[in-house]
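# Report on the structure
The lines below spell out each chain.
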Amino acid sequence: VLSGTTPATGELDILCFPERECSIQRRNQKVVEESPSPHLLPSTRREMIRQVKSLVREVGYESAGTVEFLVDRHQKFYFLEMN
């Protein structure tokens, strides 16, 4: 996610980039990253982006960062962290 205040309007502008699939890890290090994830349904991706934008607005985040989720086999996702 990339966010910042637009000088002309003073409003927060938020850009969301495609997620990265980081399921293949060894000793907690990512071995393979794939983007966008082939496992997410478009509806899940849209909802994740909606929630990320809501989070960014709520906390007034202005920077570049990542929002991490775990996704189960039923396409339910769970917030891990934002950094």
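To start, this report covers the structure provided alongside it. (Residues numbered from 1 in each chain as written. Predicted model: local features only at pLDDT ≥ 70, side-chain atom pairs only at ≥ 80, totals over all residues. Heavy atoms only, no water.)

This part takes up the pattern of salt bridges. Enumeration over the complete set of coordinates arrives at three salt bridges. Between Arg 50 and Glu 47 there is a salt bridge, with the nearest N and O atoms lying 2.6 Å from each other. You can see Arg 50 and its partner Glu 47 sitting in helix 1 (residues 42–59), three residues apart, about one turn around the helix. Residue classification places Glu 47 among the partly exposed positions, given a relative accessible area of 26%. (Salt bridge = Lys/Arg side-chain N within 4 Å of Asp/Glu carboxyl O. Helix = DSSP H or I, 4+ residues; strand = E, 2+ residues; numbered from the N terminus. Buried < 20%, exposed > 50% of the residue type's maximum accessible area, 1.4 Å probe, protein only.)

A word on the packing of aromatic side chains. What the rule picks out here adds up to two aromatic pairs. Judged by centre distance (6.2 Å) and plane angle (75°), the ring pair of Phe 69 and Phe 79 falls under edge-to-face. Linking Phe 69 in strand 5 (residues 67–71) with Phe 79 in strand 6 (residues 77–82), this pair joins segments that are 10 residues apart in sequence. Take Phe 69: its relative accessible area is 19%, and that puts it in the buried class. A network of ring pairs unites the aromatic residues Phe 69, Phe 77 and Phe 79 as a single cluster. (Phe/Tyr/Trp six-rings, centres within 6.5 Å; stacked < 30°, edge-to-face > 60°.)

All quantities given are derived from atomic positions and should not be read as evidence of function.
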